[in-house]
Structure formats: C-alpha cells, structure tokens
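Structural description and commentary
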Amino acid sequence: MQKPSLLYMLVLIGGICSGKSTVSKYLASKGAYRIDLDACAHEVLQGDDTCKEQLVDHFGADILDSTGHISRTRLAARAFSSARTSAELERITHPAIFRLVELQMTQIAERVVSASAPAPASTAPVPASTTQTPALVVVELPLPDKAPALLTIADETMCVLASRAQRTRLARKRSITAPELSERMRLQPDDAAYKAYASYCIENEGSMPELVEKVDEWLCARVRSHAFVLANKEGACESSALL
C-alpha cells in the first residue's frame, strides 16, 4: 500500500466506544479528509460479490437478510464469537477493504491537486502552502495489529483511550449492551497495546468539550508547524454542531 505525498495521514486507533469516531468526525469538521474503515467495510460487504460468496460459504447462508444482502448484525454475531472466526472474517474482507482505502486516498489526492490548481485564466502562481504542505486525512483503525500496512505509511498514529466506565456510558448511547461491549473488548488490544502503537495519546474521560479541547491542542500545534493544511472545505462545518 502506498500513500500519496500530498496527504498527511493520521491513523486514529482505539477500542470500541473509546471516542475515536468522535475525534475523527471533529477533525473532519475542521477541514480534514476522513476515511471511515467501517463505511469501507460496509461497502465491501454490500458491493463485493466475491467477498459475499466467501462469507456465505464460511459463515452460512443465514447471514443474509430477506433481500439477499449481508446482515451486519448476523455476521457480527458469528464472526466476533471467537478469535478464530474473527480472523476468518479479516482474511476474507481485509484485502478488499484496504484496496478501497488506497483508492479513496488516490481520489482525495486528486481533489487536493484540483483545488490547488490556478483558474484557467489566471497566470498567478499557486501559493506554496497549497502545493507543498500536505492535506490532513484521518483514517480510523480499530485493530492496529490487523493492518500493519496502514501503520507503516502513516505520518502519525494517535490513540484515544477511555476507562471501562466511560466506555460503558458511551456504549449505552449506541445501544450496545454490557455483554456485547465486554465481548468486543475481549477481542481487541488493551490500552497498553494501543499506546505501544501510538505516537500521541488522548485520554477521553470527561465531557465532549473536554475531549475537543485536547484534540484542538494537538491540531493547533501541527498546523502551526506546517505539518499539514486543513484542505477539505466541503467537509468543514461549525464544530459546535458536534457538541
């Protein structure tokens, strides 16, 4: 896997209900491009016939709903029942998911080039900040040990950590039961493992504004040092909309 040089890739890691998706969406609201691996997985499950056939062969035809599409709920119940079945799901779906991630990175880089190009009637040079400074793209990665290729090409890896009490509270908002949360956490790395992969860590133990303040501290430092620009004006919005 290769990363276009016009992109500064932040890989965002953390366990279920740690707050990493909130951080990712907040950065997108500030102008970062965002690649959602969950959305990529959904696209693969619904649009890749080869993956669909392999999943049905391995997990059974009853993972299909009444319309013939894969039910993510039914598939999750089968796939996350053990480490072995989780590994089978990854073996079948990960190659297609990461091909889609690579394609999306290429498409984002093309958008960056298009946005920085001067108007046809203009002969003025493009400002250096748009031609030399890469654009921030955020990639959420729940299981860093399953995607070493992404970590290798990342410019930076940030982990979002939260206590069990905080994750239980956030799980309730997502209608995830306590047993479901416990089982998913059992199959994921612990905090020490996430920290080992990360170059920067954020503790999510307070309110949303407190989490945003911590993210802003990281973001402002990187922008001031010209590590990247926030180039996605289409995705930017008022951050208060997330609060």
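Now for a description of the structure that goes with this document. (Residues numbered from 1 in each chain as written. Predicted model: local features only at pLDDT ≥ 70, side-chain atom pairs only at ≥ 80, totals over all residues. Heavy atoms only, no water.)

Comments concerning the packing of aromatic side chains
- In the structure shown here, the tally under the stated rule is 2 aromatic pairs.
- Centre to centre, the rings of Tyr-8 and Phe-228 are 5.1 Å apart; their planes meet at 55°, and the pair counts as tilted. Residue Tyr-8 is found in strand S1 (residues 7-13), and its partner Phe-228 is found in the segment after helix H11 (208-224); the two are separated by 220 residues along the sequence. Assigned by exposure class, Tyr-8 and Phe-228 land together as buried.
- With a centroid separation of 5.7 Å and an interplanar angle of 35°, the aromatic rings of Trp-218 and Phe-228 are classed as tilted. Placement of the pair is Trp-218 in helix H11 and Phe-228 in the segment after H11, with a sequence separation of 10 residues. Residues Trp-218 and Phe-228 agree in their burial class; the two are buried.
- What links up through ring pairs into an aromatic cluster is the set Tyr-8, Trp-218 and Phe-228.
- When the ring centre of Phe-80 is taken as reference, the NZ or CZ atom of Arg-184 above it lies at 4.6 Å. (Phe/Tyr/Trp six-rings, centres within 6.5 Å; stacked < 30°, edge-to-face > 60°. Helix = DSSP H or I, 4+ residues; strand = E, 2+ residues; numbered from the N terminus. Buried < 20%, exposed > 50% of the residue type's maximum accessible area, 1.4 Å probe, protein only. Lys NZ or Arg CZ within 6 Å of the ring centre and 35° of its normal.)

Points about the packing of helix H2 (residues 37-47) against helix H5 (residues 83-116)
- The contact between H2 and H5 brings their axes to 9 Å, and the two run at 120°. Between H2 and H5, the interaxial angle falls into the category oblique. In this structure, H2 meets H5 at a crossing whose hand is right-handed. Between H2 and H5, the residues in contact are Leu-37, Cys-40, Ala-41, Glu-43, Val-44 and Leu-45 and Thr-93, Ala-96, Ile-97, Phe-98, Leu-100, Val-101 and Gln-104, respectively. (Axes fitted to C-alpha atoms, helices over the stretch in contact; angles between N-to-C directions. Parallel < 35°, antiparallel > 145°, perpendicular 65-115°, else oblique. Left-handed = near helix turned anticlockwise from the far one by under 90°. Contact = heavy atoms within 4.5 Å.)

A closer look at the nonpolar core
- Grouped together as the largest cluster of nonpolar side chains are 42 residues, with contacts concentrated most on Met-9, Ile-35, Leu-55, Val-101 and Leu-150.
- With 11 residues, the single largest contributor to this core is H5.
- Apart from the residues within four sequence positions on either side, Val-101 is in contact with Ile-35, Leu-37, Cys-40 and Leu-150.
- Counting 20 residues, the second largest nonpolar core, distinct from the first, contains Ile-202, Leu-211, Trp-218 and Leu-219. (Core = buried A, V, L, I, M, F, W, Y, C linked by side-chain atoms within 4.5 Å.)

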